[in-house]
Amino acid sequence: MVWDRQTKMEYEWKPDEQGLQQILQLLKESQSPDTTIQRTVQQKLEQLNQYPDFNNYLIFVLTKLKSEDEPTRSLSGLILKNNVKAHFQNFPNGVTDFIKSECLNNIGDSSPLIRATVGILITTIASKGELQNWPDLLPKLCSLLDSEDYNTCEGAFGALQKICEDSAEILDSDVLDRPLNIMIPKFLQFFKHSSPKIRSHAVACVNQFIISRTQALMLHIDSFIENLFALAGDEEPEVRKNVCRALVMLLEVRMDRLLPHMHNIVEYMLQRTQDQDENVALEACEFWLTLAEQPICKDVLVRHLPKLIPVLVNGMKYSDIDIILLKGDVEEDETIPDSEQDIRPRFHRSRTVAQQHDEDGIEEEDDDDDEIDDDDTISDWNLRKCSAAALDVLANVYRDELLPHILPLLKELLFHHEWVVKESGILVLGAIAEGCMQGMIPYLPELIPHLIQCLSDKKALVRSITCWTLSRYAHWVVSQPPDTYLKPLMTELLKRILHSNKRVQEAACSAFATLEEEACTELVPYLAYILDTLVFAFSKYQHKNLLILYDAIGTLADSVGHHLNKPEYIQMLMPPLIQKWNMLKDEDKDLFPLLECLSSVATALQSGFLPYCEPVYQRCVNLVQKTLAQAMLNNAHPDQYEAPDKDFMIVALDLLSGLAEGLGGNIEQLVARSNILTLMYQCMQDKMPEVRQSSFALLGDLTKACFPHVKPCIADFMPILGTNLNPEFISVCNNATWAIGEISIQMAITIGRLGYVCPQEVAPMLQQFIRPWCTSLRNIRDNEEKDSAFRGICTMISVNPSGVIQDFIFFCDAVASWINPKDDLRDMFCKILHGFKNQVGDENWRRFSDQFPLPLKERLAAFYGV
């Protein structure tokens, strides 16, 4: 067929029949499950984008080709939406106008799917900055709301709801001459509309403007709240859900307006939290979470607790659907490989999740807001989790005053014969652990053994929740004599780590990591047994749980430190770690947790890590180098090279820090043979704060471990460190400060040693550096470096005593920082202190030493008799 590059745009554009067939063919093929076909379709679609009127065909199929089936027409609209997202600025004017007019003419299509697709297309055009360039859009949609035709009214409202979600900020700005002053009163009129779908749209539209305290809404706040109350008993679940959502947001924004009605609102929310429709119940349950963060919560809710607590506890049971989705009846699944979507992406940063248009049932295929699931297939946030979270925060508000309402329920639940009920009781016990810990202590000697028994329950879901709840009481377990609870708990958790059910493995491994954090060196006597289990798990675990296992091993290393540095432990632990290390490619994200784990292990093993350090060090340097190179290519040619994932570099820098900390001076040769300092110089100037943060940490660690290599670069590094002392990026600022401190200490030590070797040359400058010298060295522990530096300073003072007089209090403070100096050094201190005292006379010394803080005064008197 012939594509005409220079189509003259008539308003009544007509498709070429052959071109239309070609596009329909493509749309059909793209619905094929075969990925190869889909890929070919993608390429063809990209090629077609070169033709100006390709998008006319797409809108034509969506709005005019009524003979086609709806999924194909909708798909045509969604492809057009993607084109708008990617290339809208290149659309010829005629095409843009044709698309806009077709959208507005067809917003009332008789098919809900087509209406929703047109709505998505409209909001995508609007959010491309077109609200300003499409002045008749909002007035037109608002006037269509008054249409007698239901489809037109519903379609227009659907589009307006999406625009309110996507463009809330600009709607409330002067750019558009404040359309909300007209829109919000208009929306409020529709709260009483006869159609539930329209009522639902109306509430959803207004809800977009609560959190931002939009002026136009605040003017009508009383009428809004009144209208919400009128909808309280609406028969349509979607309306009830939006009413609950509105009340939850108003709690944060206009508590003053809700307070007079609070008793009724709480009663209403109690009913809604038990709504037959789980989506409504979930929205209502959020109310308790939000209320718990308000200072007035304690007084407002106290009289409702007897009703509220049973409702929340009841919401914590697994629903029948949950159990089916969680394969609650499958006990052994460890040999089944994980599917890729089981594995959550790991982030070193928190992400914000954008809102999705989920009410149309249209899956938008290209939006990257994949929220992170907790229970694999169960949706991320559900009534069970929300109820448990609400109980947790309320336990923190009421502390032990909550227990009279909880304990009678717990007795019944924890020993119930139905596993679903018993499981929810164990979850309740875990949820209140933090808030009610003090009040629970008398019951724990009985409860903990019961829970340890539940680790052997015949239901996998009971075993997994028990792991979690026990981890919430780990602090108390560790505070008791180890044989009583710690040993039996540890023994049973380690067995569960090797369990044949993946969910139990995961829960046990996570719980064990928490126990490690609490128990620290208490675990040392059991190290062989613990390592035995964790190493065996390496051979058992599928992909997802391996990632948790790395964390458990890293936490163990952090908790027991140098106790891990025994040949027999190293022999057990290192081979499987290095085997995984060799299997993983440089671009595999599984390197992140493994590098983090190795960083902890290297720090703990210290010299024990030497045999493994060279390949590990080299690979980290390579990862940093590769990432920097890729970033440079991407900066120069963004269209040809994609941006690298900088997490590879961050984690590699962190592992290098772990090596420097663990190996100390032994890392010197590795640094000498690599270009790490040049790479660090680049990392320290990276746009991404996390990269700078990690590079400053490494700089500090290398300064401590092998200062001679850092020293030549200091003139380049210091200005960069200085510009990063910006508390807006608090972690970057902390690490930069720390690195400056470490460099200063090394410089001070160098100055002290110089003065020791050639006092005649350095002593005349004493007055210039004595104060910062003393403040730098007062903070480090007694060691050889500190010893040699202080000998130097004492020698210089004996050559130039007047150089120290003005800052003598700083010298006194630095001397007092020694716990036990060698005898001849102590004699040097004594000589200087007494010399000064004798020179100024007793009366002046008394006045001088009265300025000292008390601990300093006492210490100098006790150690040096002044």
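Procedures and definitions
- Residues numbered from 1 in each chain as written.
- Predicted model: local features only at pLDDT ≥ 70, side-chain atom pairs only at ≥ 80, totals over all residues.
- Heavy atoms only, no water.
- Helix = DSSP H or I, 4+ residues; strand = E, 2+ residues; numbered from the N terminus.
- Buried < 20%, exposed > 50% of the residue type's maximum accessible area, 1.4 Å probe, protein only.
- Contact = heavy atoms within 4.5 Å.
- Areas by Shrake-Rupley, 256 points an atom, 1.4 Å probe, with all protein chains shown as cover.
- Lys, Arg positive; Asp, Glu negative; His and termini not counted.
- Charge placed at Lys NZ, Arg CZ, Asp CG, Glu CD.
- Salt bridge = Lys/Arg side-chain N within 4 Å of Asp/Glu carboxyl O.
- Expected span 1.5 Å × (residues − 1).
- Patch = residues over 30% accessible without salt bridge, like charges linked within 9 Å, V, L, I, M, F, W, Y side chains within 5 Å.
- Axes fitted to C-alpha atoms, helices over the stretch in contact; angles between N-to-C directions.
- Parallel < 35°, antiparallel > 145°, perpendicular 65-115°, else oblique.
- Left-handed = near helix turned anticlockwise from the far one by under 90°.
- Nonpolar A, V, L, I, M, F, W, Y, C, P; charged D, E, K, R; others polar.
- Core = buried A, V, L, I, M, F, W, Y, C linked by side-chain atoms within 4.5 Å.
- pLDDT = per-residue confidence, 0-100.
- Phe/Tyr/Trp six-rings, centres within 6.5 Å; stacked < 30°, edge-to-face > 60°.
- Lys NZ or Arg CZ within 6 Å of the ring centre and 35° of its normal.
- Polar contact = N/O pair within 3.5 Å; in protein donor to acceptor, adjacent residues only side chain to side chain.
- Disulfide = S-S within 2.5 Å.

Undergrad: Teacher, can you tell me more about the overall build of the protein chain here?
TA: In terms of regular secondary structure, the protein chain is built from 48 helices and zero strands. If you line up the protein chain on its principal axes, its C-alpha atoms span 105 × 75 × 60 Å. Considering the protein chain as a whole, with its 866 residues, one finds that 54% of them fall into the buried category. Long-range pairs, those at least 24 residues apart, make up 74% of the contacts in the protein chain with a sequence separation of at least 6. Total accessible area on the protein chain is roughly 39,600 Å²; 52% of this is exposed by carbon and sulfur atoms. Of the side chains in the protein chain, 79 bear a positive and 123 a negative charge, and the two mean positions are spaced by 4 Å.

Undergrad: Any chance you could explain the environment of G554 here in plain terms?
TA: Tracing the backbone through its elements, the reader meets G554 in helix α31 (residues 543-560). The exposure class assigned to G554 is buried, which follows from its relative accessible area of 5%. In this structure the C-alpha to C-alpha distance between G554 and C436, which are 118 residues apart in sequence, comes to 30 Å. Apart from the residues lying within four places of it in its own chain, the contact partners of G554 are C597 and S600.

Undergrad: I would appreciate a short explanation of the pattern of salt bridges in the present structure.
TA: Two side chains bearing opposite charge may form a pair once their charged atoms approach each other closely. The final tally for this structure, using the stated rule, is 36 salt bridges. Connected through salt bridges with shared partners, the residues E843, R846, R847, D850 and K857 form a single ionic network.

Undergrad: Looking at this structure, how should I read helix α38 (residues 689-705)?
TA: Along an α-helix, residues three or four apart share an orientation, since each turn contains 3.6 residues. With 17 residues, α38 extends 24 Å between its outermost C-alpha atoms, agreeing within 8% with the 24 Å of an ideal straight helix rising 1.5 Å per residue. The element α38 is extensively covered by neighbouring structure, given that 13 of its 17 residues are classed as buried.

Undergrad: Which parts of the structure should I look at to understand a negative patch on the surface?
TA: On the surface, E517, E518, D551 and D558 cluster together into a patch of negative charge. Mapped by element, the contributors of at least two residues to the negative patch are α29 (502-519) and α31. In this structure D558 comes out as exposed when scored by relative accessible area, which is 54%.

Undergrad: Help me understand the packing of helix α34 (residues 610-636) against helix α37 (residues 676-683) in this model?
TA: For any two helices packed against each other, one specifies the inter-axial angle together with the distance between the axes. Close contact between α34 and α37 brings their axes to 11 Å; oriented N to C, the two are set at 45°. In terms of orientation, α34 and α37 fall into the oblique class. Two packed elements cross with a definite hand, and for α34 against α37 that hand is left-handed. On the side of α34, the interface is formed by Y617, V621, V624, Q625, L628 and M632, while α37 contributes I676, L679, Q682 and C683. By residue class, the composition of the contact of α34 with α37 is eight nonpolar, two polar and no charged.

Undergrad: Explain the nonpolar core here, please?
TA: One broad rule of soluble globular proteins: the nonpolar side chains tend to lie buried together. Among the nonpolar cores identified, the biggest contains 256 residues, and F224, W288, F609 and L659 are the most heavily contacted of them. At 11 residues, helix α35 (residues 647-663) tops the list of elements feeding residues into this core. L777, I780, W818 and V866 belong to the second largest nonpolar core, which has 38 residues in total.

Undergrad: Whenever I open this one, the environment of L655 confuses me. Can you help?
TA: When you line up the elements, L655 lands in helix α35. With 38 residues separating them along the chain, L655 and Y617 place their C-alpha atoms 8.3 Å apart. Once residues lying within four places of it in the same chain are set aside, the contact partners of L655 are W581, L595, L598, S599, V616 and C620.

Undergrad: Where do I start with the confidence of the model for the protein chain in this structure?
TA: If pLDDT is low for a region, its predicted coordinates should not be looked at in detail. Per-residue confidence for the protein chain gives a mean pLDDT of 87, with 93% of residues at or over 70. Confidence scores differ between elements of the protein chain, with helix α3 (residues 54-63) showing the lowest mean pLDDT of 77 and α37 the highest of 97. The low-confidence segment residues 1-10, where pLDDT is below 50, has 19 contacts with residues more than four positions distant or belonging to other chains. Throughout residues 344-378 the model reports pLDDT below 50, and contacts reaching past four residues in sequence, or to other chains, amount to 69 contacts.

Undergrad: Would you explain the packing of aromatic side chains in this entry?
TA: Each aromatic ring pair is summarised here by two numbers: the centre-to-centre distance and the angle between the ring planes. Enumeration according to the criterion identifies 22 aromatic pairs in this entry. A ring pair is formed by F287 and W288, whose centres lie 5.1 Å apart and whose planes are at 85°; its orientation type is edge-to-face. The same class applies to F287 as to W288, namely buried. Three or more aromatic residues joined by ring pairs make a cluster, and in this case those are W773, F790, W818, F829, F863 and Y864. Of note, R619 hangs over the ring of W581, and the distance from its end group to the ring centre comes to 4.8 Å.

Undergrad: Any chance you could explain the environment of P135 here in plain terms?
TA: Structurally, P135 can be placed in the loop between α6 (112-133) and α7 (137-144). Residue class for P135 comes out exposed when judged on its relative accessible area of 63%. A C-alpha to C-alpha distance of 76 Å links P135 and L754, two positions 619 residues apart in sequence.

Undergrad: What exactly am I supposed to notice about the side chain of T627 here?
TA: Position of T627 relative to the elements: it lies in helix α34. A relative accessible area of 7% places T627 in the buried class. Within the local environment of T627, its side chain forms a polar contact with the backbone oxygen of L623, the two atoms lying 2.6 Å apart.

Undergrad: Can you walk me through the state of the cysteines in this structure?
TA: By definition, a disulfide is the covalent link that joins the sulfur atoms of two cysteine residues. Applying the stated rule across the entire model yields zero disulfides. Between C613, a free cysteine, and C620, which holds the nearest cysteine sulfur, the sulfur-to-sulfur gap is 11 Å. For C613, a relative accessible area of 7% puts it in the buried group. The structure places no disulfide on C830, whose sulfur is separated from the nearest cysteine sulfur, that of C794, by 11 Å. Judged by relative accessible area, which is 22%, C830 ranks as partly exposed.

Undergrad: Just checking my understanding: could you explain unusual backbone geometry for this structure?
TA: Of all residues except glycine, most have a negative phi; of all peptide bonds, most are trans. For R213, which is not glycine, the phi dihedral falls at a positive 50°. In this fold, R213 is placed in the loop between α11 (196-207) and α12 (215-219). You can call R213 partly exposed: its relative accessible area is 47%. With phi around 50°, R399 is a residue other than glycine that occupies positive phi space.

Undergrad: Explain the packing of α34 against α35 here, please?
TA: At a closest axis distance of 9 Å, the pairing of α34 and α35 adopts a crossing angle of 150°. Considering the angle they form, α34 stands roughly antiparallel to α35. Like other packed secondary-structure pairs, α34 and α35 cross with a definite hand, here left-handed. Contact residues: α34 offers L610, C613, V616, Y617, C620, V621, L623, V624, T627 and L628, while α35 offers F648, M649, A652, L653, L655, L656, L659 and L663.

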